[in-house]
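Listed below are the residues making up each chain.
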Amino acid sequence: MLSYEQARNTVIEQVGKKRGPRATATVGVWDALGLVLAQEVKTDREYPPFDRSTRDGYAVRSKEALPGAQLKCVGEIKAGDTVRDALVTGTCLQIMTGAAVPSGADAVVMVEHTSREGDVVRFTRPALAGQNFVPRGSEAAAAQTILKPGMRLGYAELALAAQVGATQLQCAQRPRVAILSTGDEIVLIGETPGPFQIRNSNSVSLAAQVQMAGGEPVVLGNAADLAEDLGEKIERGLKEDALVLSGGVSMGKYDLVESVLKAMGAEFFFDAVAIRPGKPAVFGVCQGKPVFGLPGNPVSTMVTFELFVAPAMDLLSGAEARALPLVQARLAEPMKEKPGLTHFLPARLDWRGPTPEVKPLKWQGSGDIAALAKANCFLVVPADREKLEIGETVSAFLRKDVV
Ligand code: AMP
Ligand code: MG
């Protein structure tokens, strides 16, 4: 059986091999958050475009602004002012943050380090050449590539595009991910379930996870535990960029997902992973499309999505697969787990103190959504460990949607 790292690498390798060029679309910066860039963005000029003061104070020649020295202030420069004239020897100019430092000046002295009487400014500390301004062109040269294809557009990347006037961006289209739940017991979330039925919460978590991962969910509803119904709905799902199923992959008599996929020509790369929850997770390629059969227990579905489907979606979006958000933390209490499987347990990570600390939450196993809704991470218990001591360093796998 594969470890979760091996299974994840298998997904990355196979999806990486199969993915073709993504269709792109032009998107305005206001709407491009989370999309993957499909073009280069270059600067339209140098940045900063002028020697930009970072303080309110006085533009000076540093060697003239010695402690105790006095200089006549002959004017002021506001942010946005056109600056043409050089600083005259023996004088200084009042300058504001964001304004252009005049030629001749080689430093800005903070107003806090001066005193003033009328036109005369007195300096209290030595000025150092180069202080308190950002030289022209030091952030980026003109026509320099600052954003590249494959980069995911977060708020800083969008601001950078906006700064250089790239208001329309060529972006990869979001991968469309079909979501199909399975099970005779499953009813629509708007329905009142019978005493032994349950609402389709997995389609909701999966749709949210697809969106979080930068994709567009295509919710296909639920298939009964019948080969024919499953086959029809899988066929529909294979029209999208990837298909994610929940349920029907365990050893039960009515767990038909794998056999139906097989009959439709799927090639499987794994059908079990050494993890708990989530052991029966299946990954294959069917008719050229990545297909994931995730176990139906809600927490298993959620964990296996984050471990295996999320990296596939990065690749299908035209980006590299992001590393798992694992954080090292001090274990807050001793633990005992069955060895042989890597456990992913609902937990709370607290990083307010000097050392991040993680504490497992009480839970009733992989059906316990309420426990996961209190968690901000999964505590990772390695497969080769049965007992963990208080104070040990362990990994916490962050829930990126809530931290
Ligand atoms: P399965 O993987 O099909 O054996 O299902 C395992 C458990 O997860 C069972 O208790 C199912 O009722 C439950 N389950 C399966 N599908 C869903 C779903 N779409 N929403 C909520 N729970 C589900
Ligand atoms: Mg089932």
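The following refers to the structure shown. The structure presented is a predicted model; accordingly, all values stated were derived computationally and were not measured. (Residues numbered from 1 in each chain as written. Chains lettered and ligands numbered in written order. Predicted model: local features only at pLDDT ≥ 70, side-chain atom pairs only at ≥ 80, totals over all residues. Heavy atoms only, no water.)

**Regarding helix α3 (residues 201–212)**
Which entries qualify depends on this criterion: A run of DSSP states H or I qualifies as a helix once it reaches four residues; a run of E qualifies as a strand once it reaches two. Both are numbered from the N-terminal end. One less than the residue count of a helix, multiplied by 1.5 Å, gives the span that helix is expected to have. Any residue under 20% of the maximum accessible area for its type is buried, any over 50% is exposed, and the rest in between are partly exposed; the area is computed with a 1.4 Å probe on protein chains only. Any two residues whose heavy atoms approach within 4.5 Å are treated as being in contact.
Taking 1.5 Å of rise per residue, the twelve residues of α3 would be expected to cover 16 Å, and the 17 Å separating its terminal C-alpha atoms lies within 8% of that figure. Buried within α3 are the following residues: N202, S203, S205, L206, A207, Q209 and V210. Residues of α3 that are buried make contact with β13 (176–182), β16 (216–223), β17 (242–246), β21 (289–294) and α6 (298–316). A positive backbone phi angle near 90° is found at G214, which sits one or two residues after α3.

**Some remarks on the nonpolar core**
Quick reminder of the rule: Side-chain atoms within 4.5 Å are what join buried Ala, Val, Leu, Ile, Met, Phe, Trp, Tyr and Cys residues into a set we call a nonpolar core.
Judged by nonpolar contacts, the single largest core of 38 residues is most densely connected at F292, F305, L307, F308 and F344. Those elements that place two or more of their residues in this core are α1 (4–18), β13, α3, β17, β21, α6 and β26 (377–381). With twelve residues, α6 is the single largest residue contributor to this core. The contact partners of L307, leaving out residues within four places of it in the chain, are Y4, R8, I275, L324, F344 and F397. By size, the runner-up hydrophobic cluster in this structure holds 20 residues, among which are L180, L238, L261 and A266.

**Quick notes on the site of ligand 1**
As a reminder, the rule being used: Nearness is defined per residue: one heavy atom within 4 Å of the molecule or strand is enough. As used in this structure description, the phrase polar contact means that two N or O atoms lie within 3.5 Å; if the pair is within protein, one of them must be able to donate a hydrogen and the other to accept it, and residues adjacent in sequence are counted only when both atoms belong to side chains. To be clear on the numbers: accessible area is Shrake-Rupley with a 1.4 Å probe, and residue cover counts the displayed protein chains and nothing else. The way it works is a 1 Å grid over only the protein atoms, where trapped points that fit a 1.4 Å probe form a cavity and open points with protein on both sides within 12 Å along at least five of seven lines form a pocket, and then any residue with an atom within 4 Å of a point lines it. To be counted as sitting in a cavity or pocket, a molecule needs more than half of its atoms within 2 Å of that site's grid points. Amino acids outside the nonpolar list (Ala, Val, Leu, Ile, Met, Phe, Trp, Tyr, Cys, Pro) and the charged list (Asp, Glu, Lys, Arg) are all regarded as polar, and Gly is one of them.
Around ligand 1 lies a shell of 18 residues, among which E185, N200, G248, G296 and N297 are the nearest. At a separation of 3.3 Å, a nitrogen atom of ligand 1 approaches a polar backbone atom of N202. Backbone polar atom of N297 to an oxygen atom of ligand 1: 3.1 Å apart, as the coordinates give it. Its free accessible area being 490 Å², ligand 1 has 79% of it covered by the protein chains. The pocket occupied by ligand 1, as judged from atoms lying within 2 Å of grid points, is the second largest pocket. For the shell around ligand 1, the elements supplying multiple residues, two or more each, are β13, β15 (198–199) and α3. A breakdown of the residues in the shell around ligand 1 according to their chemical character gives four nonpolar, eleven polar and three charged.

**Points about the environment of V260**
For V260, the position within the fold is in helix α5 (residues 257–263). With 30 residues separating them in the primary sequence, V260 and L230 have C-alpha atoms 7.2 Å apart. With residues up to four places along the chain from it excluded, the contact list for V260 reads A227, L230, G231 and I234.

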